[in-house]
Amino acid sequence: MPPTSEMLEKAAEALAAVSLQSFTATPSTITPFGADSVLRWKVKRPTGSIVRLFLQGASIGTTGTKTVSPEQTSVFRIVARALTLQRTLGSVTVNVDSSGCISSSIPESTVQLTVRNAMTAQLASIPQLSQRSPASVEVASNGITVKLRFAIAINNFADPDLNVDFRFTLRASSGQAVVTITSFDTEVSWPWWVTVVTIGISQIVEEIIANRIEKEIRPMLQTKLKEMIDAQLAALPSTHRLHVLSTSTDQINFTVCPV
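Given the structure is predicted, the values throughout are model-derived calculations rather than measurements.

Another aspect to go through is the overall build of the chain. When helices and strands are tallied, the chain shows three helices and 15 strands. By the compact-globule yardstick of 18 Å for 259 residues, the chain is too spread out, its C-alpha radius of gyration being 27 Å. For the C-alpha atoms alone, the extent of the chain along its principal axes is close to 80 × 55 × 25 Å. Residues counted as buried form 35% of the 259 residues belonging to the chain. At a minimum sequence separation of 6, the contacts of the chain that also span at least 24 residues come to 58%. Element-wise, carbon and sulfur atoms account for 48% of the exposed surface of the chain, whose accessible area totals about 14100 Å². Side-chain charges in the chain split into 22 positive and 20 negative, and the spacing between the mean points of these groups amounts to 12 Å.

Spelled out as structure tokens, the structure:
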């Protein structure tokens, strides 16, 4: 049952009785790749209080330390909670000094050319599939969307259309580019005059999707996108390593920093 007004009033009083005596980050500025900052805090909380303490969502005691190494400048907050109420006691910022880093980008046109060339090469070994139109590629803040439009060749039956949509997201991890498939959708459509599709024909289409799209084209595109990014990174100074990798409108963005 929801807390009563009396319970909430007591929770508010309990929160008011809690105070942050100290909260520091040492050092407050670090460099990328393995540099640490130590958070230290001390909170005054009455004995028997119903108030719980949290640092970035994780439960903590009234005193403690935590070592952090954020990849980007980050704010760390200590929050006190009682029932459904909460109060931010304080925050510290750990700055990541990227003054020695180098930023660059890969235009959408390069991504599109990579995908189209990869699809042309891959389809040479898949006679059942042909492209109704070249691959569509859109780079935006939510990732890379690839739309493939195929025709499926089926012996002695009408040829259906197959639409395949992928979305890839990018991130940097331990100095390496990581390409993740976050969505994958397929849609099969038949000519208007086809009224009955047998189980056998349906199985043929399902096998093409499973064996050719899921097992071949999907991992191939994932690999080609990573190879494209790695090739761009290889042209940068060997003294630097990938720190940030993201997408925005019409381009892939990356930042490399001194190791």
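Thr-26 connects to Pro-27 through a cis peptide bond whose omega is -10 degrees. Along the chain, the position of Pro-27 falls in the loop between strand S1 (19-26) and strand S2 (29-30). In this model, Gln-56 sits at a positive phi of 55 degrees, which is unusual for a non-glycine residue. Tracing the chain through its elements places Gln-56 in the loop between strand S4 (52-55) and strand S5 (58-60). A positive phi is found at Asp-250, a non-glycine position, where the angle reads about 70 degrees.

The subject of this paragraph is the pairing of strand S10 (residues 129-140). Two strands pair when backbone bridges link them, and S10 and strand S11 (residues 143-152) are joined in this way by nine bridges, in the antiparallel orientation. Residue pairing across strands places Gln-131 opposite Phe-150, the latter belonging to S11. Here S10 folds back onto S11, and the loop between the two strands holds two residues.

Counted according to the given criterion, the structure contains one disulfide. The disulfide partner of Cys-101 is Cys-257, and the S-S distance across this bridge is 1.9 Å. Around the S-S axis, the bridge from Cys-101 to Cys-257 shows a dihedral of about 110 degrees and counts as right-handed. With Cys-101 in the loop between strand S8 (85-96) and strand S9 (102-107) and Cys-257 in strand S15 (residues 251-258), this residue pair connects regions lying 156 residues apart in the sequence. No difference in accessibility class separates Cys-101 from Cys-257, as the two residues are buried.

For the pair helix H2 (residues 108-123) and helix H3 (residues 199-234), interaxial distance at closest approach is 10 Å and the crossing angle is 140 degrees. Between H2 and H3, the interaxial angle falls into the category oblique. Considering only the axes of H2 and H3, their crossing is right-handed. Only Glu-216, Ile-217, Met-220, Leu-221, Lys-224, Leu-225 and Met-228 of H3 make contact with H2, whose side of the interface consists of Thr-110, Val-111, Thr-114, Val-115, Ala-118, Met-119, Gln-122 and Leu-123.

An ideal rise of 1.5 Å per residue puts 52 Å on 36 residues; H3 measures up with 50 Å between its terminal C-alpha atoms. Approximately 35 degrees is the largest bend angle found in H3, and it occurs at Ile-213.

Our focus in this paragraph is the nonpolar core. In this structure, Leu-129, Leu-148, Phe-150, Ile-217 and Leu-221 are the most contacted members of the largest nonpolar core, which totals 42 residues. For this core, the secondary-structure elements that each account for two or more residues are H2, S10, S11, strand S12 (161-173), strand S13 (176-189), H3, strand S14 (240-248) and S15. Considering every element that reaches this core, the biggest residue donor is H3, with 12 residues. With residues near it in sequence (within four places) discarded, Ile-217 still touches Met-119, Gln-122, Leu-123, Ile-126, Leu-129, Leu-148, Phe-150, Phe-166 and Arg-212.

This next bit is on the pattern of salt bridges. The final tally for this structure, using the stated rule, is six salt bridges. Among the salt bridges present, the one from Glu-6 reaches Lys-10, with a minimum N-O distance of 3.8 Å. Taken together, the residues span about one helical turn, with Glu-6 and Lys-10 both in helix H1 (residues 5-16) at a distance of four residues. Classification of Glu-6 as exposed rests on a relative accessible area of 51%.

What counts, and where the lines are drawn
- Residues numbered from 1 in each chain as written.
- Predicted model: local features only at pLDDT ≥ 70, side-chain atom pairs only at ≥ 80, totals over all residues.
- Heavy atoms only, no water.
- Helix = DSSP H or I, 4+ residues; strand = E, 2+ residues; numbered from the N terminus.
- Rg over C-alpha atoms; globule rule 2.2 N^0.38 Å.
- Buried < 20%, exposed > 50% of the residue type's maximum accessible area, 1.4 Å probe, protein only.
- Contact = heavy atoms within 4.5 Å.
- Areas by Shrake-Rupley, 256 points an atom, 1.4 Å probe, with all protein chains shown as cover.
- Lys, Arg positive; Asp, Glu negative; His and termini not counted.
- Charge placed at Lys NZ, Arg CZ, Asp CG, Glu CD.
- Pairing = 2+ DSSP bridges.
- Disulfide = S-S within 2.5 Å.
- Axes fitted to C-alpha atoms, helices over the stretch in contact; angles between N-to-C directions.
- Parallel < 35°, antiparallel > 145°, perpendicular 65-115°, else oblique.
- Left-handed = near helix turned anticlockwise from the far one by under 90°.
- Expected span 1.5 Å × (residues − 1).
- Bend = angle between axes of the 7 residues up to and from the residue.
- Core = buried A, V, L, I, M, F, W, Y, C linked by side-chain atoms within 4.5 Å.
- Salt bridge = Lys/Arg side-chain N within 4 Å of Asp/Glu carboxyl O.

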